[in-house]
Amino acid sequence: MTEFTLIYPSKEYECKVNDYIEEFLKYKSEINGTGGFNRYDNYDEWLQKVKGDLELQSIFEDRVPASTYFFVRKSDDRIIGMINIRHRLNEFLLKEGGHIGYSVRPTERNNGYATLMLRLGLQKCRELNLEKVLVTCDKINIASAKVIQKNNGILENEIFSKIFSEVIQRYWIYL
Ligand SMILES: CC(C)(COP(=O)(O)OP(=O)(O)OC[C@H]1O[C@@H](n2cnc3c(N)ncnc32)[C@H](O)[C@@H]1OP(=O)(O)O)[C@@H](O)C(=O)NCCC(=O)NCCS
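Keep in mind that this is a model prediction, so the values were computed, not measured. (Residues numbered from 1 in each chain as written. Predicted model: local features only at pLDDT ≥ 70, side-chain atom pairs only at ≥ 80, totals over all residues.)

Another aspect to go through is the nonpolar core. Residues Phe71 and Ile83 are the most contacted members of the largest nonpolar core, which totals 28 residues. Not counting the four nearest positions on each side in its chain, isoleucine 83 is found in contact with Leu6, Gly33, Tyr69, Phe71, Ile100, Tyr102, Met117 and Gly121. (Core = buried A, V, L, I, M, F, W, Y, C linked by C-beta atoms within 7 Å. Buried ≥ 20, exposed ≤ 12 C-beta atoms within 10 Å, placed from the backbone. Contact = placed C-beta atoms within 7 Å.)

If you want it as structure tokens, here you go:
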């Protein structure tokens, strides 16, 4: 069986993560769970930002500590997905954003990979001593809703997001 692992970002994955992001641009797909990769000019700046996200003292008041991981297939060391885990919730995250964001590269979808990646991400949440995790998705994002449901997500409610002009589903996963 092909094995997967979550890997903390390092310099050696620079080409691979650039290739990952390029695929989203090529397929005009939404990108999630990258720790804001698309907002940075270069990989080193983003690496610094990802490291800073872990250091409480450098986090602005409205930001919370977070961990970003590459979801890597061991057989070919390819980045298949990315996942971002917020260690706690602020007002916005509790309402809309949730604890976790993720994506799977377009050419590797529908293989159960996001379901597995979220499962591995929930393991990281257990290590952070979280007892329950909020995961949200747009109501129209049926694939993501299924990923959450298959990881025992319990729908609390649906809200209308004024920021995204979308109906958002809020699921809790009890760890
Ligand atoms: C959402 C996303 C992570 C799913 O990744 P994935 O690896 O394809 O997910 P999985 O293969 O684990 O499961 C997807 C499920 O949705 C189903 N699915 C996929 N596309 C679908 C669609 N358009 N309509 C209905 N169901 C769909 C699959 O059949 C599968 O369900 P099944 O196991 O019951 O067959 C991926 O599409 C993605 O990265 N999207 C862009 C970013 C994003 O939306 N992130 C989530 C933000 S909340």
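Anyway, onward from the coordinates.
Take the site of the ligand next. For the ligand, the set of nearby residues contains 20 residues, the closest of which are Ser103, Arg109, Ala114, Thr115 and Ala143. Only strand E4 (100–104), helix H4 (113–127) and helix H5 (142–150) provide two or more residues apiece to the shell around the ligand. It is H5 that provides the largest number of residues to the shell around the ligand, a total of five residues. Residue composition of the shell around the ligand, by class: eight nonpolar, nine polar and three charged. (Near = placed C-beta within 6 Å. Helix = DSSP H or I, 4+ residues; strand = E, 2+ residues; numbered from the N terminus. Nonpolar A, V, L, I, M, F, W, Y, C, P; charged D, E, K, R; others polar.)

Turning to the sheet that holds strand E7 (residues 166–174), a few remarks are in order. The three strands are arranged E5-E7-E6 in an open sheet whose pairing can be described as antiparallel. In the strand order of this sheet, the two ends are held by strand E5 (132–138) and strand E6 (154–161), each with one partner. On average, each strand axis in the sheet is tilted by 25 degrees relative to the strand beside it, whichever way the strands run. Both E6 and E7 contribute to a ladder of seven bridges, which runs antiparallel. (Pairing = 2+ DSSP bridges. Axes fitted to C-alpha atoms, helices over the stretch in contact; angles between N-to-C directions.)

This paragraph deals with H4. Along its 15 residues, H4 runs 21 Å from first to last C-alpha, staying within 8% of the 21 Å computed at 1.5 Å per residue. Considered for burial, the residues of H4 that qualify are Tyr113, Ala114, Met117, Leu118, Gly121, Leu122 and Cys125. At its buried positions, H4 is contacted by strand E2 (66–73), strand E3 (78–86), E4, E5, H5 and E7. Positioned one or two residues after H4, asparagine 129 has a phi angle of 65 degrees, which is positive. (Expected span 1.5 Å × (residues − 1).)

Function cannot be read off these values alone, since they describe shape.
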